[in-house]
Each structure stands twice: as structure tokens, then as C-alpha cells.
Amino acid sequence: MEDYNIQVTVVDRDGTENTLTVPTDVNLSLMEILKASDYEILATCGGMALCATCHIEVIAGLDQLTAASDQELDMLDTLPNADEQSRLACQLHLQPQNNGMKIKIKGALQ
Ligand code: FES
């Protein structure tokens with residue numbers, strides 16, 4: 001059986017770094033996985049790409065992600081601290097090719 005678990009390194013707001021084992025055969029967004037792993041993410045819009053509180057910076061593995069939709073890009077445009085490595089975690093569903101990616105949590109806490 002193929003192994004659908006991948007490793008994702010997460011840097012928290014305080015610089016703490018942890019590596020998560022993330023299943024890719026479940027229909028969860030990266031935002032939902034981070035919340036389930038006890039990271040503090042408001043996700044006030046529930047994953048609709050409307051609040052940007054799930055903002056992350058992709059430190060490694062950006063090229064392996066699916067391209068952002070216009071709605072995601074529009075939302076990221078509203079953030080003062082977004083750059084070309086920014087994504088909304090609620091719009092990302094990780095696949096086996098995302099193994100080894102590294103992200104930093106940047107979403108606002110209010
Ligand atoms: S949870 Fe609101 S934009 Fe991602």
C-alpha cells in the first residue's frame with residue numbers, strides 16, 4: 001500500500017519549529033490540519049478564503065503547490081505582510097508531492 005503520510009515543518013509565530021506528519025488521503029485543508037494540531041489560527045470564515053487569518057508563508061515547497069485562485073490572490077492582496085511566498089492555508093489540500101514542505105504561520109490573531 002502506498003504511504004500517503006507526508007512531513008511538513010511548521011514554524012509558529014514565536015519561531016518554534018515542529019515537523020508534522022500529515023495524511024494526504026483525507027479531505028482536509030492545511031488550515032484544518034494546523035488547527036487539529038493545536039496551532040492558533042482563527043479561520044473566522046471557516047475556510048472560504050474570506051478572512052485571511054490562515055495566512056502562511058511557504059518557506060520551502062512553493063513550486064509543488066497548486067496555483068492560487070483569483071479569490072485567494074485578491075484576499076492576500078489585502079494583507080500588509082503578504083509577499084510572493086504567501087498562501088491561505090484553507091485553500092491548500094496537500095498531496096504526496098508536498099512532502100518536505102516548510103511553512104511559517106503568519107495569520108492575524110484578531
Ligand atoms: S480560513 Fe478564512 S481565509 Fe482561510
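Before reading further, recall that the structure is shown in the block above.
Residues numbered from 1 in each chain as written. Predicted model: local features only at pLDDT ≥ 70, side-chain atom pairs only at ≥ 80, totals over all residues. Heavy atoms only, no water.

Participant: Could you clarify how one ought to interpret the sheet that holds strand E5 (residues 101-105) in this entry?
Facilitator: Paired through their backbone hydrogen bonds, the strands of a sheet run either parallel or antiparallel. One open sheet holds the five strands; their spatial order is E2-E1-E5-E3-E4, and the pairing between them is mixed. The open sheet has two edge strands with one neighbour each: strand E2 (17-23) and strand E4 (86-88). Between one strand axis and the next, the sheet turns by 40° as a mean value, whatever way the strands run. Here strand E1 (residues 5-11) runs beside E2; their pairing, made up of seven bridges, is antiparallel. Across the sheet, Gln7 pairs through a bridge with Thr21, a residue of E2. (Pairing = 2+ DSSP bridges. Helix = DSSP H or I, 4+ residues; strand = E, 2+ residues; numbered from the N terminus. Axes fitted to C-alpha atoms, helices over the stretch in contact; angles between N-to-C directions.)

Participant: Honestly, the pairing of strand E3 (residues 55-60) in this entry has me stumped. Any pointers?
Facilitator: Successive residues of a regular strand alternate their side chains across the two faces of the sheet. Taken together, the three bridges between E3 and E4 define a ladder with antiparallel strand orientation. For His55, the partnering residue across the bridge sits in E4 and is Leu88.

Participant: I keep staring at the nonpolar core and nothing clicks. Help me out?
Facilitator: Side chains that are nonpolar tend, in soluble globular proteins, to be buried together. In terms of nonpolar packing, the biggest core is built from 28 residues, with Val10, Leu30, Leu34, Ile56, Leu88 and Leu94 touching the most fellow members. When contributions to this core are tallied by element, the ones reaching two or more residues are E1, E2, helix H1 (30-36), E3, helix H2 (70-77) and E5. With four residues, the top contributor of residues to this core is H1. (Core = buried A, V, L, I, M, F, W, Y, C linked by side-chain atoms within 4.5 Å. Buried < 20%, exposed > 50% of the residue type's maximum accessible area, 1.4 Å probe, protein only.)

Participant: Before we go on, may I ask you to explain the side chain of Asn98 in this structure?
Facilitator: Residue position: Asn98 is located in the loop between E4 and E5. Looking at Asn98, the relative accessible area reads 3%, which means it is buried. For Asn98, the side chain forms a polar contact with the main-chain nitrogen of Gln95, separated by 2.7 Å. (Polar contact = N/O pair within 3.5 Å; in protein donor to acceptor, adjacent residues only side chain to side chain.)

Participant: Before we go on, may I ask you to explain unusual backbone geometry in this structure?
Facilitator: Backbone geometry follows two general trends: most residues other than glycine have a negative phi, and most peptide bonds adopt the trans configuration. With a phi angle near 50°, Ala43 is a residue other than glycine that sits in the positive phi range. Here Ala43 shows up in the loop between H1 and E3. Although it is not a glycine, Ala52 sits at a positive phi angle of roughly 65°. Residue placement: Ala52 occurs in the loop between H1 and E3. Under the relative-accessibility criterion, Ala52 is labelled buried at 5%.

Participant: Looking at this structure, how should I read empty space enclosed by the protein?
Facilitator: Rolled over the atoms, a probe with the dimensions of a water molecule shows which regions are left empty. Scanning all chains against the criterion turns up one cavity of 30 Å³ or more. As for the largest cavity, its lining consists of Gln64, Leu65, Thr66, His93, Gln95, Gln97 and Asn98. Class assignment of the residues belonging to the lining of the largest cavity gives a composition of one nonpolar, six polar and no charged. (1 Å grid on protein atoms, 1.4 Å probe; cavity = no way out; pocket = protein on both sides within 12 Å on 5 of 7 lines; lining within 4 Å. Points joined across faces, edges and corners; volume = space filled by probe spheres on them. Nonpolar A, V, L, I, M, F, W, Y, C, P; charged D, E, K, R; others polar.)

Participant: What is the right way to read the pattern of salt bridges from this model?
Facilitator: Two side chains with opposite charge may pair up if their charged atoms get near one another. According to the stated counting rule, one finds three salt bridges in the structure shown. In this structure, the salt-bridge partner of Lys106 is Glu57, at a minimum N-O distance of 3.7 Å. Remark: Glu57 occurs in strand E3 and Lys106 occurs in the segment after E5; sequence separation between them is 49 residues. The class of Lys106 is partly exposed, set by a relative accessible area of 23%. Overall, the relative accessible area of 17% leaves Glu57 in the buried class. In this structure, Arg87 engages Glu72 in a salt bridge whose closest nitrogen and oxygen atoms are separated by 2.7 Å. A residue pair is termed long-range when its members are at least 10 positions apart, and Arg87 in strand E4 and Glu72 in helix H2 qualify at 15 residues. The exposure class of Glu72 is buried, given its relative accessible area of 1%. (Salt bridge = Lys/Arg side-chain N within 4 Å of Asp/Glu carboxyl O.)

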